[in-house]
Amino acid sequence: MLANILLLFIFYTVNMDIDVNGRKKIYRILPILGIVLIGFSVFYLAVIRPMEETSSLSIYDMLRVDFGRDDVIKYVINKEIIRGERILEYRGETFLSLIGSFIPRKVWPNKPYPHYMYLTASILNLDIHNLPAGTTPSLLEMTICNFGFWGFAAGIILLIWICKMIDRSRDVDTKSIGLILAMVLLTQSMDVYLILVVVLIAINIMVKFFKGRMVRIVIHW
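Here the structure is a predicted model, which is why all the values come from computation and not from measurement.

(A) Spotlight on the overall build of the protein chain. The helix and strand tally for the protein chain stands at ten helices and zero strands. Put simply, the protein chain has 221 residues, and 31% of those count as buried. For the protein chain, restricting intrachain contacts to residue pairs at least 6 apart in sequence, the fraction spanning at least 24 positions comes to 52%. Accessible area of the protein chain: about 14800 Å², with a carbon and sulfur share of 67%.

Set out below in structure tokens:
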């Protein structure tokens, strides 16, 4: 969360109309924000979620899991591509779950579970209903799980398409939402931020629909 706030701060600094002196003052704050981010990470590992082992290697592994997603991507590549074992019950299962996330389970009892649950169950070798916690997924490993070898291309193409859709917008606030969306696609579960995807697509459709048209508002007294 703090990393996303720092990213948004940099984004608005770059895109807002600020004079040179104002930018210099803001740039002086960036190192302070970076130190705050590092300090919170250390506090989180030491107090909120204390580690049994505090060696430099253990701290590195924990920070790698918290801030990176290469561990789960490598796991999925090894499982799905190299060893040929399935994490999901069938291809496209968790994308189907994503599309039907607004459908209550009472209406659709056999609705697939969110992707992170299948990923965590595979890593811990546990039943999906007995998970102690969840492993944070990533867009790339999710597409590989759902589409196999073709998931490499699907993940990259999807991300490029989203970035191009965001870049078409001239509104800074819309672009900031898109920036956060792109970040969470790479570092978080898509189910949690699905509403952002819906909003961004809706805005893009509206822009295309009204582009080049004159919209007349009639007020009745």
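(B) Seen up close, the nonpolar core. Grouped together as the largest cluster of nonpolar side chains are twelve residues: V72, I73, V76, I87, L88, M117, Y118, L119, A121, I128, I144 and C145. Counting only elements with at least two residues in this core, the list comes to helix 4 (70-82), helix 6 (115-124) and helix 7 (139-147). A total of four residues in this core trace back to one element, the largest contributor, which is helix 6. Among residues more than four places away in sequence, those in contact with V76 are I81, I87, L119, E141, I144 and C145. Among the nonpolar cores identified, the runner-up in size contains seven residues, and L139, I162, I166 and L181 belong to it.

(C) Representation of the packing of helix 7 against helix 8 (residues 151-168) within the structure. At their nearest, the axes of helix 7 and helix 8 sit 7 Å apart, and the two run at 135° to each other. Our classification of the angle between helix 7 and helix 8 gives oblique. Of the two elements, helix 7 crosses helix 8, and the hand of that crossing is right-handed. Residues L139, L140, T143, I144 and F147 of helix 7 lie in contact with helix 8, whose contacting residues are G151, F152, A154, G155, L158 and L159. The residue makeup of the contact of helix 7 with helix 8, split by class, is eight nonpolar, three polar and no charged.

(D) Local environment of the packing of aromatic side chains. Following the criterion strictly, the structure yields three aromatic pairs and no others. Over the ring of Y113 we find R105, and its NZ or CZ is 4.4 Å from the ring centre.

(E) Up close: helix 6. Among the ten residues that make up helix 6, seven are buried, leaving the element largely enclosed by the rest of the structure. Of all the positions in helix 6, only H115, M117, Y118, L119, T120, A121 and S122 are classed as buried. The elements touched by buried residues of helix 6 are helix 4, helix 5 (93-99) and helix 7. Phi turns positive, to about 55°, at N125, one or two residues after helix 6.

(F) Broad picture of the pattern of salt bridges. Inspection of the entire model under this criterion finds four salt bridges. Note that K74 and D70 form a salt bridge whose closest N and O atoms lie 3.8 Å from each other. With K74 and D70 both in helix 4 and four residues apart, the pair spans about one turn of that helix. The partner of E85 in a salt bridge is R83, with the nearest N and O atoms 3.2 Å apart. Among the residues examined, E85 registers a relative accessible area of 30% and is labelled partly exposed. Taken together, the shared-partner salt bridges in this structure form one network comprising K79, R83 and E85.

(G) A look at the side chain of S97. Positionally, S97 belongs in helix 5. A distance of 3.3 Å separates the side chain of S97 from the backbone oxygen of Y113, its partner in a polar contact.

(H) Examining a nonpolar patch on the surface more closely. Together, I29, I32 and V36 make up an exposed nonpolar region whose accessible area comes to about 250 Å². Among the structural elements, I32 can be located in helix 2 (residues 20-48).

Rules and cut-offs
- Residues numbered from 1 in each chain as written.
- Predicted model: local features only at pLDDT ≥ 70, side-chain atom pairs only at ≥ 80, totals over all residues.
- Heavy atoms only, no water.
- Helix = DSSP H or I, 4+ residues; strand = E, 2+ residues; numbered from the N terminus.
- Buried < 20%, exposed > 50% of the residue type's maximum accessible area, 1.4 Å probe, protein only.
- Contact = heavy atoms within 4.5 Å.
- Areas by Shrake-Rupley, 256 points an atom, 1.4 Å probe, with all protein chains shown as cover.
- Core = buried A, V, L, I, M, F, W, Y, C linked by side-chain atoms within 4.5 Å.
- Axes fitted to C-alpha atoms, helices over the stretch in contact; angles between N-to-C directions.
- Parallel < 35°, antiparallel > 145°, perpendicular 65-115°, else oblique.
- Left-handed = near helix turned anticlockwise from the far one by under 90°.
- Nonpolar A, V, L, I, M, F, W, Y, C, P; charged D, E, K, R; others polar.
- Phe/Tyr/Trp six-rings, centres within 6.5 Å; stacked < 30°, edge-to-face > 60°.
- Lys NZ or Arg CZ within 6 Å of the ring centre and 35° of its normal.
- Salt bridge = Lys/Arg side-chain N within 4 Å of Asp/Glu carboxyl O.
- Polar contact = N/O pair within 3.5 Å; in protein donor to acceptor, adjacent residues only side chain to side chain.
- Patch = residues over 30% accessible without salt bridge, like charges linked within 9 Å, V, L, I, M, F, W, Y side chains within 5 Å.

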